[in-house]
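Commentary on secondary and tertiary structure
These are the residues of each chain, in order.
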Amino acid sequence: MTDQGFPADAIDTSIPHPARMYDFYLGGWDNYEVDRTAAQRVIDVLPDIIPGARANRDFLHRSVRFLAESGIRQIIDIGTGIPTSPNTHEVAQAVSPDVRVAYIDNDPIVATHAGARLTASGNTEFFLGDVRRPRTILDHPTIGKLIDFGQPVAVLLIAVLHFVTDEEDPAGIVATLRDALPAGSYLVMSHATAEFHGGSLPEVNKVYEKATATLNVRKRVEIEPLFDGFELLEPGLVQVPLWRPDGADPTPEEVSRIGFYGGVARKS
Ligand SMILES: C[S@@+](CC[C@H](N)C(=O)[O-])C[C@H]1O[C@@H](n2cnc3c(N)ncnc32)[C@H](O)[C@@H]1O
């Protein structure tokens, strides 16, 4: 049994998992041969996936720091990913140790690492859940214990909604989450796009079709409406390195390689 109380054989090492492939792009070790082979096929046709994944992770860090500095003390991080330091709670709690974080992912591999690397420090919990069933996330006892919907909450949907098909209704998912949030809450979202790589990624799609979730890249005009009911903060929905860079401004060449849009929005 894992420390999340489910059998370790729930971890399927025979098909690639997006969480483990993303871990490989980031240079992590929590992946299996099947994931490395699939991820390498993606890298071969889209080498920009590596700077893209890193830039996405950096966006997570900057946006979470912003949330904590803005006074947010509770975060629901859906599509957590395999722990990669610094994680959401580490960034937020560096600003204010009282930030509470609920982590949710549908991949058992994330659960196996959560005890040691996400929830050991207190004020944080992890549970297995599926973003395609947002009501079950909101109604989960862990959310009831950790999150006070009378106070502003930040929901993170960072690099997860591109694993949701149009038929599974990403806008409806976000709307369900939004309607549970009080005024002053935030939505942080990033999403993969092919707009900077020829408009479509057929070879990459083929790899993900054999994984546990398909890849559904979207255009900016399709991603921006997912923020409906929130006000996007400056600089709006942009390629992730352009969202409030905290070091030197990224060069146009660096930015041109990044196939992730990201934004931070507030509910008023
Ligand atoms: C690319 S990783 C992003 C990790 C982290 N949010 C980040 O941006 O660094 C995507 C994560 O979403 C998770 N995921 C994919 N489909 C999901 C679903 N339907 N419900 C919950 N999590 C999902 C994957 O297991 C993976 O851990």
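Computed from a predicted structure; not experimentally measured.

**Let's talk about the overall build of the protein**
Of the regular secondary structure elements, the protein holds eleven helices and eight strands. Reported as C-alpha extents along the three principal axes, the dimensions of the protein are approximately 45 × 45 × 35 Å. Of all 268 residues assigned to the protein, the portion counted as buried reaches 44%. Sequence separation of 24 or more characterises 73% of the internal contacts of the protein that already satisfy a separation of 6 or more.

**Side note on helix H3 (residues 49-69)**
When the terminal C-alpha atoms of H3 are compared, their 30 Å separation across 21 residues agrees well with the 30 Å that a helix rising 1.5 Å per residue should span. Those residues of H3 that sit buried are Ile49, Gly52, Ala53, Ala55, Asn56, Phe59, Leu60, Ser63, Val64, Phe66, Leu67 and Ala68. Glycine 71 sits one or two positions beyond H3 and adopts a positive phi of about 105°.

**With respect to the nonpolar core**
Core analysis: the biggest nonpolar cluster contains 76 residues, and Leu67, Ile75, Ile78, Ala154, Val155 and Leu156 have the highest contact counts within it. Broken down by element, the residue count for this core peaks at nine residues, all from H3. Contacts of isoleucine 78, omitting those with residues within four sequence positions, involve Ile104, Val131, Ile137, Val155, Leu156, Leu157 and Val160.

**Remarks on unusual backbone geometry**
A cis amide bond links serine 85 with the next residue in sequence, proline 86, at an omega value of -5°. By the element assignment, proline 86 lies in the loop between strand S1 (74-78) and helix H4 (88-95). The linkage connecting glutamate 234 with the following residue, proline 235, adopts the cis geometry, with an omega of 5°. Its place among the elements puts proline 235 in the loop between strand S6 (231-232) and strand S7 (238-239).

**Some thoughts on the packing of H3 against H4**
At a minimum axis separation of 8 Å, H3 and H4 run at an interaxial angle of 35°. When the axes of H3 and H4 are compared, the crossing they make is right-handed. Where H3 abuts H4, its residues Leu60, His61, Val64, Arg65, Leu67, Ala68 and Glu69 lie against Thr88, Val91, Ala92 and Val95.

**Digging into the environment of aspartate 58**
Relative to the helices and strands, aspartate 58 resides in helix H3. Considering only alpha carbons, one finds aspartate 58 and isoleucine 76, 18 residues apart in sequence, at a separation of 18 Å.

**Focus on the site of the ligand**
Within the structure, the ligand sits among 22 residues, and Ala19, Gly79, Gly81, Asp107 and Ile158 are positioned closest to it. When residues of the shell around the ligand are traced back to their parent elements, those giving at least two are helix H1 (18-25) and H3. The class makeup of the residues in the shell around the ligand is twelve nonpolar, five polar and five charged.

**Focus: the pairing of strand S3 (residues 124-128)**
Inspection of the sheet shows strand S2 (residues 100-105) paired to S3 by five bridges, in the parallel sense. Residue pairing across strands places valine 101 opposite threonine 124, the latter belonging to S3. In the classification by handedness, the crossover that spans S2, the intervening helix H5 (residues 108-117) and the parallel S3 is right-handed.

Calculation rules
Residues numbered from 1 in each chain as written. Predicted model: local features only at pLDDT ≥ 70, side-chain atom pairs only at ≥ 80, totals over all residues. Helix = DSSP H or I, 4+ residues; strand = E, 2+ residues; numbered from the N terminus. Buried ≥ 20, exposed ≤ 12 C-beta atoms within 10 Å, placed from the backbone. Contact = placed C-beta atoms within 7 Å. Expected span 1.5 Å × (residues − 1). Core = buried A, V, L, I, M, F, W, Y, C linked by C-beta atoms within 7 Å. Axes fitted to C-alpha atoms, helices over the stretch in contact; angles between N-to-C directions. Left-handed = near helix turned anticlockwise from the far one by under 90°. Near = placed C-beta within 6 Å. Nonpolar A, V, L, I, M, F, W, Y, C, P; charged D, E, K, R; others polar. Pairing = 2+ DSSP bridges. Right-handed = clockwise from strand over helix to strand, strands pointing away.

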